[in-house]
Structures are given as structure tokens and as C-alpha cells.
Amino acid sequence: MNENNTPPFAASSPSLRLRVCAEALGTMFLLATVVGSGIMGTRLSDDAGIALLANSVATGAILYVLITMFAPLSGAHFNPAVTLVMCLRGELTWAHSIAYICAQMVAAVAGVLLAHAMFDLPIWQTSGTVRTGVGQWLAEGVATFGLLSTILLVARHTPQAVAAAVGLYITAGYWFTASTSFANPAVTIARTLTDTFAGIYPADMPGFIAAQLIGAALAALLARFFLPER
């Protein structure tokens, strides 16, 4: 890998269209997994702990696969918070960042609808699951801070381990945060559209996103402290 984490066999940088498509496909599969595994977990067991275990393991596993698959193409952000931090660090232009974020948002919704279709549920739903309060907001800030710190620091020191590190962090985050670690504005918006295990009540979405952006900003500052040469 070179300094840009581009495989040595890559003749040139992928086009913006290819990168946006990679972000969209990866984000869609991520949300289909998050929502679909939650549905499967609750169908197979009445135990919420077992359902969360299924949800967390499936999400961590698909993140490893998707990051390994798409990182050489787009960087495998699948997350507007990640894209914004990379833009602020000068690793992505504003124009490209906007294209990434639009693709992530649309694809996240598509992933939720795909999960509903696979399980023969009503395609359009609105979540009734309340997730609010200081503890939940703090949890989302911590979850996003940890995720961005993992990405930035591991990418610098051990880039080949990013996929595993992110997958493991999110798996752990499901269990050690009160919010079950959404850590992603696109995921948060899309999950308002599912009245299943993974849902979040639409009115609770702004608090989660605000906490996520604060956590991402703090992680960017931490990276500047530990990696001052960047």
C-alpha cells in the first residue's frame, strides 16, 4: 500500500462516478444488514439480548467485507461523518464530499426498504422506537468519536487492519453504548423508516445526528494531536 492506501496494481484513481457508486452500494448493503439482521434476530428469539447479539455480529461482519471490498475504490466511508472529516483533513474535495453524502443518504434509505422487501414487511414504515435523553446523546457522541478515531489512527499506522478494526469497534459499540452505536447520520435517518428492532423515532433523530457530528469533530481534533504532521 502507498501513502494514499491505493493498491500498487491500480493504474489510476477511480472516477468520481465509480467512487460514488461504491459508496452507494456499500451503504445500501450496510443498512440492509443492520435492519435485516435485527428482523431475523427478533423472529428467531423473543430474547432482546440474543437479537442484539445477532444484530451486532452481522453488522460487524458486513463492515469488514464492505470495507475490504470498496476501500480501494472510494475509501469505504458509508458515513457522512467520515466523509466530512476526510474533507476537513484535505483528503476529499467539497464537491466530491457532497456527492458522497448524497449517495450515502439515498442508498441508506434503499437498504432499509430492501430489508423490508426481503422479509415481506410493509415497504414504507415509520419507527415508533423512542431513543432520546442525555445518556443516549452522550452514547452517540462517544460511539462516533471512537469510530472516527479508530479509522484515522489505524489507517495511519496499520492501514491493512482498518476493515477489521472498524468491524470490531462497531460490534463492541452495540454493547457498550446506551444507544447501540448508530455513529452515522445516514444510518440514523434511514432507521427512522423502519418500525423494527433497529428503528428510531423520527423526532429523536436530530439529537442523535448532533451528537454524532460533535463526536466526529472531537475525533478530528484528536487525530491532529496524535498525527500533527497531517
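Residues numbered from 1 in each chain as written. Predicted model: local features only at pLDDT ≥ 70, side-chain atom pairs only at ≥ 80, totals over all residues. Heavy atoms only, no water.

Asks: Any details on the packing of aromatic side chains? Residues and values, ideally.
Replies: Any pair of aromatic rings gets described here by the distance separating the centres and the angle formed by the planes. Across all of its chains, the model carries four aromatic pairs by this definition. Measuring from centroid to centroid gives 6.3 Å for Phe 70 and Phe 78, while their planes differ by 85°, and the two rings are edge-to-face. Judged by relative accessible area, Phe 70 falls into the buried class, the value being 7%. Owing to a relative accessible area of 2%, Phe 78 belongs among the buried residues under this scheme. When the ring of Phe 225 is compared with that of Phe 226, the centres are 5.2 Å apart and the planes differ by 75°; the resulting orientation is edge-to-face. Of the residues examined, Phe 225 reaches a relative accessible area of 63% and is grouped as exposed. We classify Phe 226 as partly exposed; its relative accessible area is 48%. Over the ring of Phe 182 we find Arg 191; its NZ or CZ atom is 3.6 Å from the centre of that ring. (Phe/Tyr/Trp six-rings, centres within 6.5 Å; stacked < 30°, edge-to-face > 60°. Buried < 20%, exposed > 50% of the residue type's maximum accessible area, 1.4 Å probe, protein only. Lys NZ or Arg CZ within 6 Å of the ring centre and 35° of its normal.)

Asks: How would you explain the environment of Thr 188 if you had to name every residue and give the values?
Replies: Summarising the element assignment, Thr 188 is placed in helix α7 (residues 185–191). Relative accessible area serves as the criterion here: at 0%, Thr 188 is assigned to the buried category. Other than its neighbours up to four places away in sequence, Thr 188 contacts Phe 182, Ile 200, Met 205, Phe 208, Ile 209 and Gln 212. Polar contacts involving the side chain of Thr 188 include one to the main-chain carbonyl oxygen of Asn 184, which spans 2.9 Å. (Helix = DSSP H or I, 4+ residues; strand = E, 2+ residues; numbered from the N terminus. Contact = heavy atoms within 4.5 Å. Polar contact = N/O pair within 3.5 Å; in protein donor to acceptor, adjacent residues only side chain to side chain.)

Asks: How would you summarise the confidence of the model for the protein if you had to cite specific residues and measurements?
Replies: Overall, the predicted model of the protein reaches an average pLDDT of 94, with 94% of residues at or above 70. Across residues 6–11 the pLDDT falls below 50, and counting only partners more than four positions away or on other chains, this stretch makes three contacts in the model. (pLDDT = per-residue confidence, 0-100.)

Asks: Pulling in residues and values, what's your account of the packing of helix α5 (residues 134–157) against helix α6 (residues 162–176)?
Replies: Relative orientation of the contacting elements α5 and α6 amounts to 165°, with a least axis distance of 10 Å. Here α6 runs roughly antiparallel to α5, going by the angle between their axes. Handedness of the crossing formed by α5 with α6: right-handed. The segment α5 lies against α6, with Val 142, Ala 143, Gly 146, Leu 147, Thr 150, Ile 151, Val 154 and Ala 155 engaging Val 162, Ala 165, Val 166, Tyr 169, Ile 170 and Phe 176. Among the residues forming the contact of α5 with α6, the class breakdown is twelve nonpolar, two polar and no charged. (Axes fitted to C-alpha atoms, helices over the stretch in contact; angles between N-to-C directions. Parallel < 35°, antiparallel > 145°, perpendicular 65-115°, else oblique. Left-handed = near helix turned anticlockwise from the far one by under 90°. Nonpolar A, V, L, I, M, F, W, Y, C, P; charged D, E, K, R; others polar.)

Asks: Any details on the pattern of salt bridges? Residues and values, ideally.
Replies: Where charged atoms from two side chains of opposite charge approach closely, those side chains can pair. Enumeration over the complete set of coordinates arrives at one salt bridge. Linking Glu 91 and Arg 89 is a salt bridge whose minimum nitrogen-to-oxygen distance equals 3.3 Å. Residue classification places Glu 91 among the partly exposed residues on the basis of a relative accessible area of 38%. (Salt bridge = Lys/Arg side-chain N within 4 Å of Asp/Glu carboxyl O.)

Asks: For helix α3 (residues 80–88), give the residues involved together with the corresponding values.
Replies: The element α3 is largely enclosed, with a buried count of seven among its nine residues. If you check which residues of α3 are buried, you get Pro 80, Ala 81, Val 82, Thr 83, Val 85, Met 86 and Cys 87. Contact partners of the buried residues in α3: α4 (94–118), α5, α7 and α8 (205–226). Directly after α3, the chain includes Gly 90, whose backbone phi takes a positive value near 80°.

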